[in-house]
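# Fold and geometry: a report
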Amino acid sequence: MLDEEKKKKLVHVSNEIRKSIIEMLLEAGSGHTAGPLGMADVFTALYFHILKHNPKNPEWEDRDRVILSNGHICPVLYATMAHAGYFPVKELMTLRKFSSRLQGHPHREWLPGIETSSGPLGSGLSQALGMALADRIDHGTSSSKFFYCLVSDGEMDAGNIWEAGMLAGKEGVHNLIAIMDRNNIQIDGYTEDVMPLEPLKAKWEAWNWHVLEIDGHNFEEIVDAVEQAQAVFNRPTMILANTIPGKGVPAFERKYEWHGKPPNTEEAKIALDALRSLEGRIISENS
Amino acid sequence: MRSVASKVELLVKIASFVVMIPQELKLNPKIFDTDVEQAPIREGYGKGLLEAGRVDERIVALCADLTGSTKTDLFAKEFPNRFVQIGVAEQNLAAVASGMAAMGKIPFITSYAMFSPGRNWEQIRTTACYNDQPVKIAGSHAGVSVGPDGGTHQAIEDMAIMRVIPRMTVISPCDAIEAKKATMEAAKTPHPTYIRLAREKTPIITTEATPFEIGKASLLFKPREGKAEVGIIVTGALVYQALMVAQALEKEGVRISVLNVSTIKPLDKKGIISFARDARRLVTVEEHQVAGGLGSAVAECLVENLPTPIQFVGVRDVFGQSGTPDELISHYGMDERGITDAVRRVLS
C-alpha cells in the first residue's frame, strides 16, 4: 500500500527519470524514446518502493533480480538506476558512446547491477525463469527472492517467449513476476496490425499463469499488483501493464514513430518543457 | 603351422603398435584388431555428466525431449531435482540454462546438434557467451553418420557456428572414453563449451589412462622411422579411419603421422605448428563441412605461422541424405579411401 507522501515522491522521481531519458537520448543522438518514457512509472515503483536491493552493493546475494528482456528500453533502466544511486546521474550522458558502461543495449559485464545482457528479443523471460529454477533448487519454496522480468508486448511475437511461458507455467515457479509493457506499438506499427496479440490475458492464463491487468502509470495499481503477485504461492504472475508510449510528452504519446528514434534539440526542448509543467501533478490516465 | 603363423602375425602387430603408437598415451592395444570394442560417443557423455554431477552439486542438466537418446537419462535418474525437462524448445533450453548459470549453476544442455546449437545459435551467443555464463552444450547425433534420418538431422555445420563465437570452447571427442573425460573436464571450466557427439557405435581408441586436456592435441601415430611425409590432422570418430589409413600406408612405405585434435577451440597452435613443421604436408579430416571446421581452423593457424600445403577431407558445401553411416561416410569421401586419396593428392 502507498501513502500519499510516498505516492507524491514516486511521481516526482518518475518525472525526474523522464527528464533524464530525454537528456541522455538527445546527447546520444540515437536510441529509443517511446518505450522508456512509457515504462518510467513501473521502473520507479520497482526501484524506489518494491525491490529488495542495495545500490551500493549491487552484488548482494539476497537481492531481488530485475531482468530486462526488451533491452532497447535501457535508457529507463539506466536513468532509474542512476537516480536510485547505482552510479552518478551525470554518467547518463555517456549513453551509447565509445567505452561507456551504458552500452546501447545493456551488457551485464559492463555495468554492476545489470543482471543479463539483452537486446535480441524473447530470451529474457527464459533467463529469469532459469534463475528462479536455480534458486528453487537451492532454497525450495522458502526463497526470499523475487525475480522480476520486464518484457514488451511486441516481444510476444517471438516463439522463445511462448516457450518460456509454457515452461514457467508447468514448473509453477511462484517467485517469477513478469511485467509486460502493453503499449500497443512496435517498430513497424501497432502491435495488432503487425501481429495481433489479443486475447493476451487468455494466452497467459492458458499457460497456468496468474494474470493481472493494470494501468501502468498508476502507482497504487502497480504496487498492489506486485504485492498480489508476491502472495501467489504456486504459479508465476504476469502483470499486463497498460502504458502509453511516450508518456509525459504529449507530442510523443501513442505514436509508434517514436519507438526507435531520439529527439533532436528542438523536440527535446518541447519534451522537457512538457515534463517540467507536469511536475507535481498526478499523471495516471485513470485519475 | 597356422597357429604359428597367426602368432607371428600377432607379434608383428604388437611390435608395430609399440613402434608407431606413442606408449605414453596408453591407447587401446586392440585399435588395429578387427574385433576392437565399440561404443557410441554420446554414451561417454552420459557417463561423464553423471560422474561430474556426483562430484559437483552445482551441475544441472536440461534436455529438449531427447533425454534417452542423448544419454542424459543417467543424470536425470540419479538427480531428478537437478534436471529440467524443457520440451521441444531449444531456444528456451539455452536461455533458461543461462539464467541458471547466473545463479551459480553449471548447466549442461542436450539435444541433437542440428537443434542445439543449430536452432538456438543466437541464444547461445547472447545469453551464454556475451553474458559469459558457463553453459555447456552437448550436441548429439552430429555428422552424416546419423544415417537413415537424412539431411535434416545431419549437423555438419555445428563446429563452424560454435567456433566463431568469442569465449566458446569447442570439443569433438574421438571416442566414448574421450567424450566422458571431455564432459568431466568441461564441467570444471568457467567457459561456455560445446561438446560434439556422434550417435553410432565407433571403435574405442583411447583408454581411461590416456591423458586428456582441453586445448591439447595428441600425436597418436608416427612413422616407424624417420619423419612423416604427410601428417593427418583429424577430429571426432574419424580418428579411427585416419589411424587405419596411416597403418596401411606405412606398410606401403609411405610415412604418416596422425594428430588427434579433440579441442577445435582453443586450438593447440603450438602442437599443430610443430606437427606441421615435421610433416610439411597435411591432410585434415572431419565429419563436417570443410568450410569453418577443423580444416579451416588449422589453415588459419598455419597461414599466419607456417604456410603448409593442406588437403581437406570433409563435406564440400552440400547437404547429407539418408543411407547407412558407412555408405554416407564413403559417399562424401571421408572413408579410408577418401583419406588415402587426399594423402596422395597432397604428396603429388
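Reading guide: rules and limits
Residues numbered from 1 in each chain as written. Chains lettered and ligands numbered in written order. Predicted model: local features only at pLDDT ≥ 70, side-chain atom pairs only at ≥ 80, totals over all residues. Contact = placed C-beta atoms within 7 Å. Helix = DSSP H or I, 4+ residues; strand = E, 2+ residues; numbered from the N terminus. Core = buried A, V, L, I, M, F, W, Y, C linked by C-beta atoms within 7 Å. Buried ≥ 20, exposed ≤ 12 C-beta atoms within 10 Å, placed from the backbone. Pairing = 2+ DSSP bridges. Axes fitted to C-alpha atoms, helices over the stretch in contact; angles between N-to-C directions. Parallel < 35°, antiparallel > 145°, perpendicular 65-115°, else oblique. Left-handed = near helix turned anticlockwise from the far one by under 90°. Nonpolar A, V, L, I, M, F, W, Y, C, P; charged D, E, K, R; others polar. Right-handed = clockwise from strand over helix to strand, strands pointing away. Domains from an automatic or database assignment. pLDDT = per-residue confidence, 0-100. Expected span 1.5 Å × (residues − 1).

With 22 residues of chain A in contact, the opposing surface of chain B contributes 26 residues. With 10 residues, the top contributor of residues to the side of chain A that touches chain B is helix H5 (residues 124-139) of chain A.

This next bit is on the nonpolar core. Counting 193 residues, the largest nonpolar core has Leu129 and Ile239 of chain A together with Val96, Ile232 and Ala242 of chain B as the members making the most contacts within it. If one sorts the elements of this core by residue count, helix H1 (residues 4-28) of chain A sits on top with nine residues. Excluding residues that lie within four positions of it along the chain, Ala242 of chain B makes contacts with Ile232, Val234, Val258, Val285 and Ile339 of chain B.

So, on to the sheet that holds strand S14 (residues 310-315) of chain B. Residue and element names in this part refer to chain B. Pairing is mixed in the open sheet, where five strands are placed in the order S9-S11-S10-S13-S14. The sheet is open, and its two borders are formed by strand S9 (218-221) and S14, each paired with just one other strand. If you compare each strand with its neighbour and ignore which way they point, the axes differ by 25 degrees on average. Looking at chain direction, strand S13 (residues 282-289) and S14 are connected through five bridges and run parallel. Looking across to S14, one finds that Leu282 is bridged to Ile310. Across the face of the sheet, helix H8 (residues 239-252) comes into contact with S9, strand S10 (230-234), strand S11 (256-260) and S13 while running at roughly 165 degrees to S11. Each of S10, S13 and S14 touches helix H10 (residues 294-305); the most contacted strand, S13, lies at about 140 degrees to it.

When two helices pack together, their arrangement is given by the angle between the helix axes and the distance between those axes. All names here are of chain B. The geometry of H8 relative to helix H12 (residues 336-347) is characterised by a closest axis approach of 9 Å and an angle of 55 degrees between their N-to-C directions. By the angle class used here, H8 and H12 are oblique. Here H8 and H12 pass one another in a crossing that is right-handed. Facing H8, whose interface residues are Gln241, Ala242, Met244, Val245 and Leu249, H12 presents Glu336, Ile339, Thr340 and Val343. The residue inventory of the contact of H8 with H12, partitioned by class, reads six nonpolar, two polar and one charged.

Time to look at the sheet that holds strand S7 (residues 237-242) of chain A. Residue and element names in this part refer to chain A. The strand order S1-S2-S3-S7-S6 describes an open sheet built from five strands, whose pairing is parallel. Of all strands in the sheet, those with a lone pairing partner are strand S1 (65-68) and strand S6 (210-215), marking the two edges. The sheet shows a mean angle of 20 degrees between the axes of neighbouring strands, direction not considered. Here six bridges tie strand S2 (residues 147-152) to strand S3 (residues 176-182), and the two strands are oriented parallel to one another. Looking at the pairing, Val151 lines up with Met180 of S3.

Our next topic: the pairing of S6 of chain A. Residues and elements named next belong to chain A. As judged from the six bridges shared by S6 and S7, these two strands associate in the parallel manner. Opposite Leu212, over in S7, you have Ile239 as the bridge partner. The handedness of the S6 to S7 crossover, carried by helix H9 (residues 219-231), is right-handed.

This part covers the environment of Ile17 of chain A. All names here are of chain A. Tracing the backbone through its elements, the reader meets Ile17 in helix H1. For Ile17, a count of 30 C-beta atoms within 10 Å puts it in the buried group. Leave out the neighbours within four places in its chain, and Ile17 touches Ala40, Phe43, Thr44, Val76, Ala79, Thr80 and His83.

Turning our eyes to something else, we now look at the packing of helix H2 (residues 41-55) of chain B against helix H7 (residues 176-186) of chain B. Residue and element names in this part refer to chain B. Here H2 crosses H7 at 35 degrees, and the two axes come no closer than 7 Å. Remark: the crossing between H2 and H7 carries right-handed chirality. Each of Ile41, Glu43, Gly44, Tyr45, Lys47, Gly48, Leu49, Glu51 and Ala52 in H2 lies in contact with H7, whose residues at this interface are Ala176, Ile177, Glu178, Ala179, Lys180, Lys181, Thr183 and Met184. Grouping the constituent residues of the contact of H2 with H7 by class yields eight nonpolar, three polar and six charged.

Attention shifts here to the environment of Ser218 of chain B. Residues and elements named next belong to chain B. With respect to the secondary-structure elements, Ser218 resides in strand S9. Taking the number of C-beta atoms within 10 Å as the measure of exposure, Ser218 has 23 and is therefore buried. In sequence terms Ser218 and Val258 are 40 residues apart; their C-alpha atoms lie 8.5 Å from each other. The contact partners of Ser218, leaving out residues within four places of it in the chain, are Leu25 and Asn260.

This brings us to the domain arrangement of chain B. All names here are of chain B. Under the domain assignment, chain B is made up of domain 1 (2-23 + 207-347) and domain 2 (39-203). Placing a centre on the C-alpha atoms of domain 1 and another on those of domain 2 gives a separation of 26 Å. If you look at the interface, domain 1 gives 34 residues, while domain 2 gives 32 residues. Of all the elements in the fold, those that place two or more residues in the side of domain 1 that touches domain 2 are H8, strand S12 (263-265), S13, H10 and helix H11 (325-331). Across the side of domain 1 that touches domain 2, the residue classes break down as 16 nonpolar, 15 polar and three charged.

Take the pairing of S10 of chain B next. For a regular strand, the rule is simple: side chains alternate between the two faces of the sheet. Residue and element names in this part refer to chain B. In terms of burial, S10 is a largely internal element, five of the five residues being buried. With five bridges joining them, S10 and S11 adopt parallel strand pairing. Bridge assignment links Ile233 to a residue of S11, and that residue is Leu259. You can see the chain leave S10, run along H8 and come back into S11, and the turn it takes is right-handed. Bridge analysis of S10 against S13 gives four bridges, and the strand direction is parallel. Following the sheet pairing, Ile232 is matched in S13 by Val283.

This paragraph deals with the confidence of the model for chain B. Counting all residues, the mean pLDDT for chain B is 95, and 95% of those residues have values of 70 or more. The complex prediction reports pTM at 0.95, with the ipTM value standing at 0.95.

Moving on, we come to unusual backbone geometry. Residue Pro199 of chain A is reached from Glu198 of chain A by a cis peptide bond, and omega for that bond is 0 degrees. Position of Pro199 of chain A among the secondary structure elements: in the loop between helix H7 (191-194) and helix H8 (200-206). Cis rather than trans, the peptide bond between Ser116 of chain B and Pro117 of chain B has omega equal to 25 degrees. Inspection of the secondary structure assignment puts Pro117 of chain B in the loop between strand S4 (106-112) and helix H5 (121-130).

Turning our eyes to something else, we now look at H5 of chain A. Residue and element names in this part refer to chain A. With 16 residues, H5 should cover 22 Å at 1.5 Å per step; its first-to-last C-alpha distance of 22 Å lies within 8% of that length. A large share of H5 lies buried, amounting to 13 of its 16 residues. At the exit of H5 stands Gly140, carrying a positive phi of roughly 60 degrees.

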